[in-house]
Amino acid sequence: MSFARVRALVVIGALAAAAIVFVIVALVRDTQGGAVAGDKCPPGSVMANLALPNDPSEVTIKVLNGTSTAGLAENVTNDFKNRKFTVLKPDEDKKRVTDVAVLRYGPDAVGAVQLLRAYFLDQAELEYNAKRKGAVIDIVVGSGFRQLATSTEVNQSLIEVGQPEAPPGSCPAPAKKK
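Just so we're clear, the structure is a prediction, and the values are computed from it rather than from any experiment. (Residues numbered from 1 in each chain as written. Predicted model: local features only at pLDDT ≥ 70, side-chain atom pairs only at ≥ 80, totals over all residues. Heavy atoms only, no water.)

Draft legend 1. Quick look at the overall build of the protein chain. Helices and strands together make up the secondary structure of the protein chain, namely 4 helices and 8 strands. When the elements of the protein chain are put in sequence order from the N terminus, they spell out α-β-β-α-β-β-β-α-β-β-α-β. Taken over C-alpha atoms, the radius of gyration comes to 26 Å for the protein chain, far larger than the 16 Å a tight globule of 178 residues would show. Sequence separation of at least 24 residues holds for 80% of the intrachain contacts in the protein chain that already meet a minimum separation of 6. Accessible area for the protein chain stands at about 11,700 Å²; split by element, carbon and sulfur atoms hold 56% of it. Both charge centroids of the protein chain, one from 21 positive and one from 18 negative side chains, sit 8 Å from each other. (Helix = DSSP H or I, 4+ residues; strand = E, 2+ residues; numbered from the N terminus. Rg over C-alpha atoms; globule rule 2.2 N^0.38 Å. Contact = heavy atoms within 4.5 Å. Areas by Shrake-Rupley, 256 points an atom, 1.4 Å probe, with all protein chains shown as cover. Lys, Arg positive; Asp, Glu negative; His and termini not counted. Charge placed at Lys NZ, Arg CZ, Asp CG, Glu CD.)

Right, dumping it as C-alpha cells:
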C-alpha cells in the first residue's frame, strides 16, 4: 500500500471519529429532549380544537338573523343545509349587525370556524369566547350579507385564510388519532 493511500485512510478515519464524537456530544447536550409542541398548556389556558373538519356535516351551526329582513336566517340555514352542514333551528338576534356576518364560537370550534370563514370569503367578524362550551357555531347574518360563496370560491378562500391558529388565552389541543 502506498504512502498516499495510507494517509487518505488515516484522514478519513479521523474525520469519521470526529463526526461520531460530534454526534454523541450533540445528543448528550440536547436541551430539547422531552419538548413536544402542545405538550403543556400554560395555567389558565383552554385547549382549542384546531382540526379542520373533513366534511361539512361535522360542523353544527345555528343561523341568527341580525337584520330587519324577514326570513333571512331561514334562507341562509337552508343554504348551509344544502351544503351538508348540520343546522339547528334559525332564530333572531337581539343586536343588529351591519357586517356580512358575525361568527360566535368557543374553543371546541376553532377549526370549524376556519371552514365557515371561507364560506363568507373571510369577511365575517369573529367573536371567540373561551368560556363557551360545545362545538356549535352561531352565525349572525348581517345587512352586508349577499350570498354564500360557491365551492370554488370556498376552496380558494380556504387557501387564503390558512391553517387555524389558537386564539389568545388558548393552546392547541392534541390531535385525535384515527
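Draft legend 2. Focus on the pairing of strand S6 (residues 125-128). Of the pairings in the sheet, the one linking strand S5 (residues 101-105) to S6 comprises 4 bridges and is parallel in character. Within S6, the residue paired with Val102 across the bridge is Glu125. The parallel pair S5 and S6, bridged by helix H3 (residues 110-119), forms a crossover whose chirality is right-handed. (Pairing = 2+ DSSP bridges. Right-handed = clockwise from strand over helix to strand, strands pointing away.)

Draft legend 3. Up close: helix H4 (residues 151-161). Every buried residue of H4 is listed here: Val154, Ser157 and Val161. Each buried residue of H4 lies within a common arc of 65° when the element is viewed along its axis, so the set occupies one face. Buried positions along H4 lie against H3. A positive phi of about 75° marks Gly162, the residue just after H4. (Buried < 20%, exposed > 50% of the residue type's maximum accessible area, 1.4 Å probe, protein only. Arc of directions from axis to C-beta.)

Draft legend 4. Examining the nonpolar core more closely. Core analysis: the largest hydrophobic core is formed by 31 residues, its most contacted members being Ile61, Phe80, Leu116, Phe120, Ile137 and Ile139. Mapped onto this core, the elements with two or more residues apiece are strand S2 (60-65), helix H2 (72-82), S5, H3 and strand S7 (137-141). Broken down by element, the residue count for this core peaks at 7 residues, all from H3. The residues touching Ile61, leaving out its near neighbours within four places in the chain, are Phe80, Phe85, Thr86, Val87, Leu88, Leu116, Ile137 and Ile139. (Core = buried A, V, L, I, M, F, W, Y, C linked by side-chain atoms within 4.5 Å.)

Draft legend 5. View of the environment of Val10. Take Val10: it is sitting in helix H1 (residues 3-28). Counting along the chain gives 47 residues from Val10 to Ser57, while the straight-line C-alpha distance between them is 66 Å.

Draft legend 6. Geometry of the pairing of S5. The buried fraction of S5 amounts to 5 of the 5 residues, a majority that puts the element mostly inside the structure. Side chains of S5 alternate between two faces, with Ala101, Leu103 and Tyr105 and Val102 and Arg104 buried alike. In the sheet, S5 pairs with S7 via 4 bridges, with the strands oriented antiparallel. What sits directly across from Leu103, in S7, is Ile139.

Draft legend 7. Seen up close, unusual backbone geometry. Positive phi, normally seen in glycine, also occurs at Leu121, with a value near 55°. When you line up the elements, Leu121 lands in the loop between H3 and S6. For Leu121, a relative accessible area of 37% translates into the label partly exposed. Although it is not a glycine, Asp122 adopts a positive phi angle of roughly 60°. The exposure class of Asp122 is partly exposed, given its relative accessible area of 36%.

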